[in-house]
There are 2 protein chains.
Amino acid sequence: MIVPIELSNTKNITYDIIIDALPQLTFNTKVAVITNPTVAGYHLQTLLAHIKAPQLEVITVPDGEEYKTLETVETILNELFEHKFDRKSLLIAFGGGVIGDMTGFTASLYQRGIDFIQIPTTLLSQVDASVGGKTGVNNQYGKNLIGAFYQPKAVYIDPSFLKTLPAREFAAGVAEIVKMAVMFDKDYFEFLTTADLTEEKVLKETIRRSVELKAWVVNQDEKEAGIRAVLNYGHTFGHVVENETCYTTYLHGEAVAIGMVMANALAVELGLLSESEAERIKALLEKASLPTRYKIKDVDDFYEHFFLDKKSANNSIKFILPQGIGGHKIVSDVDETVVKNVLKKFGDEA
Amino acid sequence: MIVPIELSNTKNITYDIIIDALPQLTFNTKVAVITNPTVAGYHLQTLLAHIKAPQLEVITVPDGEEYKTLETVETILNELFEHKFDRKSLLIAFGGGVIGDMTGFTASLYQRGIDFIQIPTTLLSQVDASVGGKTGVNNQYGKNLIGAFYQPKAVYIDPSFLKTLPAREFAAGVAEIVKMAVMFDKDYFEFLTTADLTEEKVLKETIRRSVELKAWVVNQDEKEAGIRAVLNYGHTFGHVVENETCYTTYLHGEAVAIGMVMANALAVELGLLSESEAERIKALLEKASLPTRYKIKDVDDFYEHFFLDKKSANNSIKFILPQGIGGHKIVSDVDETVVKNVLKKFGDEA
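Residues numbered from 1 in each chain as written. Chains lettered and ligands numbered in written order. Predicted model: local features only at pLDDT ≥ 70, side-chain atom pairs only at ≥ 80, totals over all residues. Heavy atoms only, no water.

**Thoughts on the sheet that holds strand β8 (residues 115–120) of chain B**
Residue and element names in this part refer to chain B. The strand order β1-β2-β11-β8-β7-β4-β6 describes an open sheet built from seven strands, whose pairing is mixed. Both outer strands of the open sheet, β1 (2–6) and β6 (55–60), are each paired with one neighbouring strand and no more. Strand-to-strand twist across the sheet, computed as the mean angle between neighbouring axes with direction ignored, equals 15°. Sheet topology note: the strand β7 (residues 90–95)/β8 ladder contains six bridges and is parallel. By the bridge assignment for β8, Ala93 is matched with Gln118. Against the sheet, helix α2 (residues 70–82) touches β4 (30–35), β6 and β7, its axis set at about 155° to β6. (Pairing = 2+ DSSP bridges. Helix = DSSP H or I, 4+ residues; strand = E, 2+ residues; numbered from the N terminus. Axes fitted to C-alpha atoms, helices over the stretch in contact; angles between N-to-C directions. Contact = heavy atoms within 4.5 Å.)

In structure tokens:
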């Protein structure tokens with residue numbers, strides 16, 4: 001199945017997301033596969049058996065968010081120069097979100113931009129990171145603070161790569177799927193409550209609907225001026241959770257799951273969501289073995305952390321909240337005491 | 001006078017180039033001026049007297065092409081993070097091409113893109129570098145190999161900044177002006193043969209016509225897929241001259257002047273240009289005190305250097321040649337011996 005992407009802000013940018021067993025890919029240019037040792041160990045041979053190119057290089061970078069730096073990007077750039085890659089050469093991102101973000105960013109920089117395609121190997125990157133054109137790296141000031149908006153030429157999503165994915169990472173991907181459903185599509189949410197993701201057909205359908213929703217959002221708003229902000233549901237709270245736990249306790253998707261539960265509590269407080277709807281969302285997250293509890297030690301400190309987020313341009317916090325299941329509302333004028341009262345509930349629970 | 005830029009490839013991108021005394025500029029966001037000690041020494045006070053902003057930072061980077069690196073860009077990025085610049089903040093490039101290229105590149109990277117404006121202070125950057133959206137840095141593999149296409153929000157060209165520009169650098173700017181005239185506009189060429197650029201009115205008119213021509217080219221071809229290649233007239237030969245002399249003997253514009261004379265010799269050989277037209281172009285370059293002679297020591301070696309240029313994607317050299325004065329032709333199938341015979345003439349002359 002194919003999900004076509006057409007960016008309306010920028011003319012001439014269209015590409016396809018192909019959700020299927022990886023097809024045979026033939027190129028008439030130099031190609032570099034950017035990957036990490038873990039993914040390469042499991043799947044590189046499979047990938048290489050599917051690619052034909054006059055020159056094919058494999059560039060391996062260390063696995064992990066801590067290597068998502070300008071330094072690693074420079075290493076990749078230098079390898080491309082060593083191999084005399086030119087303006088027609090192509091990069092293939094083969095891995096999760098870190099590999100995708102760095103490969104896209106490298107492609108955007110190399111001689112002011114060469115083509116790249118994505119072959120995401122985690123559920124999170126299949127449903128989320130591979131759609132939208134956000135590329136970049138972290139630095140000592142925070143995550144994704146340096147980067148570019150740069151679109152791939154194609155995205156190949158082959159669910160069979162997920163067979164080797166650790167269960168926790170699979171669940172982390174489900175968190176972003178639930179996010180899309182709660183924000184945009186009640187039918188999809190209902191589908192998910194009964195879906196058995198261990199069945200390949202159901203998994204494919206799940207990925208398709210999530211990608212379609214994300215594509216629909218990005219098509220409207222490539223550069224995050226409006227509706228794309230809704231994709232940050234669960235992230236405002238989740239980022240603080242990640243930050244407080246030094247990015248070591250939770251996977252990003254796990255922190256987002258906790259963040260959604262917190263956002264829901266605020267939505268209930270503001271009358272946007274019923275208690276029972278909040279419970280249903282929580283139940284769906286727990287069905288996917290995602291964490292939904294987090295003990296806030298210091299409510300004031302937690303609150304202060306909101307303002308370190310780069311999205312808060314002018315010192316007012318934008319909360320992305322569900323308006324019922326399948327709807328969303330951006331609320332930016334919530335009283336500090338209301339927010340803190342909600343946060344306190346998470347301070348009390350064990 | 002205002003030259004409007006509208007990029008046809010990319011929707012929604014329009015900005016103005018204002019050629020006039022620098023107006024009063026008022027911003028309601030954080031602003032950082034990126035400059036170097038030389039320009040700051042001469043003109044920073046003047047600039048600051050024209051800018052109002054709630055927070056204004058001046059970031060000074062070392063003067064010179066050798067500092068046009070990813071490392072310098074990272075230093076600027078870090079300073080912006082230290083000053084807590086956000087997505088609405090603005091950068092001002094205040095200097096020549098190096099400052100413009102690095103500032104634009106930094107702006108493209110900071111939180112995936114913030115606004116920047118250009119206030120170019122050299123003739124070369126006023127007529128050339130400030131129009132077109134090419135940003136980037138050099139590395140050990142060559143010039144401008146890492147970068148982005150990124151457009152400013154406005155360009156303010158104030159010719160009075162040129163009063164402190166060294167004569168050689170002024171002349172280097174004239175080389176790019178002559179290039180535009182020879183490639184695209186015979187009237188403009190005739191105007192230049194009698195123009196006295198020490199007169200401010202004439203200088204302003206000269207800049208306007210050059211900027212208009214460049215804008216016309218870039219509007220058609222933002223990402224250098226077609227006609228924009230014509231702007232490389234003189235550069236294919238000029239780059240080799242720069243390379244052979246380790247970028248220390250000639251300013252870029254001076255090497256381009258020599259490169260144009262060489263390209264003209266090839267054009268004469270191919271019947272595209274008459275001897276007398278070639279002489280007229282040479283005379284105009286010499287009127288501007290530009291070098292037009294260069295002794296090629298090893299013709300074979302010089303020829304080999306063409307293939308190191310990043311623009312030669314598929315190992316065939318594209319020569320950008322004048323077709324009469326005011327016309328151009330891209331020729332890619334010139335016989336090696338014909339080229340070498342032309343190069344030999346430069347080997348013989350002193």
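**Remarks on the packing of helix α8 (residues 235–244) of chain A against helix α9 (residues 252–269) of chain A**
The axes of two packed helices give the description: the angle between them and the distance between them. Residues and elements named next belong to chain A. Where α8 meets α9, the axes come as close as 7 Å, and the angle between the chain directions of the two elements is 125°. When the interaxial angle is binned, α8 and α9 end up oblique. For the pair α8 and α9, the sense of crossing is right-handed. In this structure, α8 contributes His235, Phe237, Gly238, His239, Val241 and Glu242 to the contact, and α9 contributes His252, Ala255, Val256, Ile258, Gly259, Met262, Ala263 and Leu266. Taken together, the residues of the contact of α8 with α9 break down into eight nonpolar, five polar and one charged. (Parallel < 35°, antiparallel > 145°, perpendicular 65-115°, else oblique. Left-handed = near helix turned anticlockwise from the far one by under 90°. Nonpolar A, V, L, I, M, F, W, Y, C, P; charged D, E, K, R; others polar.)

**Details of the pattern of salt bridges**
Residue and element names in this part refer to chain B. The tally for this structure, following the rule as stated, stands at 33 salt bridges over all chains. The partner of Lys214 in a salt bridge is Asp128, and the shortest N-O contact between them spans 3.2 Å. Taken together, the positions of Lys214 in helix α7 (residues 200–220) and Asp128 in helix α4 (residues 123–129) put the pair 86 residues apart, joining distant regions of the chain. Assessed through its relative accessible area of 6%, Lys214 is described here as buried. (Salt bridge = Lys/Arg side-chain N within 4 Å of Asp/Glu carboxyl O. Buried < 20%, exposed > 50% of the residue type's maximum accessible area, 1.4 Å probe, protein only.)

**Side note on the domain arrangement of chain A**
Residues and elements named next belong to chain A. When the domains of chain A are assigned, the result is domain 1 (2–164) and domain 2 (167–196 + 222–348). Domain 1 and domain 2 are separated by 28 Å when their C-alpha centres are compared. Contacts between the two partners involve 17 residues from domain 1, matched on the other side by 16 residues from domain 2. Around 1400 Å² of area is buried between domain 1 and domain 2 when both sides are counted, 60% of it from carbon and sulfur atoms. Run the count over domain 1 and domain 2 and you get two salt bridges. Across the pair Lys143 and Glu242 runs a salt bridge whose closest N-O atoms are separated by 3.8 Å. (Domains from an automatic or database assignment. Buried area = accessible area lost by both parts, 1.4 Å probe.)

**Thoughts on the sheet that holds strand β2 (residues 14–19) of chain A**
All names here are of chain A. Strand order in this open sheet of seven strands is β1-β2-β11-β8-β7-β4-β6, and the pairing throughout is mixed. If you trace the sheet from one side to the other, it starts and ends with β1 (2–6) and β6 (55–60), each paired once. Ignoring which end each strand starts from, the neighbouring axes of this sheet average 15° apart. Bridging between β2 and strand β11 (residues 154–157) involves four bridges; their strand directions are parallel. Paired with Ile19 across the bridge in β11 is Ile157. Running over the sheet, helix α2 (residues 70–82) touches β4 (30–35), β6 and β7 (90–95) and is turned about 155° from β6. Relative to β1, helix α7 (residues 200–220) is tilted by about 10°, and along the sheet it contacts β1, β2 and β11.

**Quick look at empty space enclosed by the protein**
What the rule picks out here adds up to two cavities of 30 Å³ or more. Of the pockets and cavities examined, the largest cavity occupies roughly 40 Å³. Taken together, Gly100, Asp101, Phe116, Gln118, Ala129, Ser130, Gly133, Lys134, Thr135, Tyr150 and Pro152 of chain B form the lining of the largest cavity. Mapped onto the lining of the largest cavity, the elements with two or more residues apiece are α3 (97–109), β8 and β9 (134–139) of chain B. Its residues assigned to classes, the lining of the largest cavity shows four nonpolar, five polar and two charged. Its boundaries defined by the atoms lining it, the second largest cavity holds a volume of some 30 Å³. Lining the second largest cavity are Gly100, Phe116, Gln118, Ala129, Gly133, Lys134, Thr135, Tyr150 and Pro152 of chain A. Contributions of two or more residues to the lining of the second largest cavity are made by β8 (115–120) and β9 (134–139) of chain A. (1 Å grid on protein atoms, 1.4 Å probe; cavity = no way out; pocket = protein on both sides within 12 Å on 5 of 7 lines; lining within 4 Å. Points joined across faces, edges and corners; volume = space filled by probe spheres on them.)

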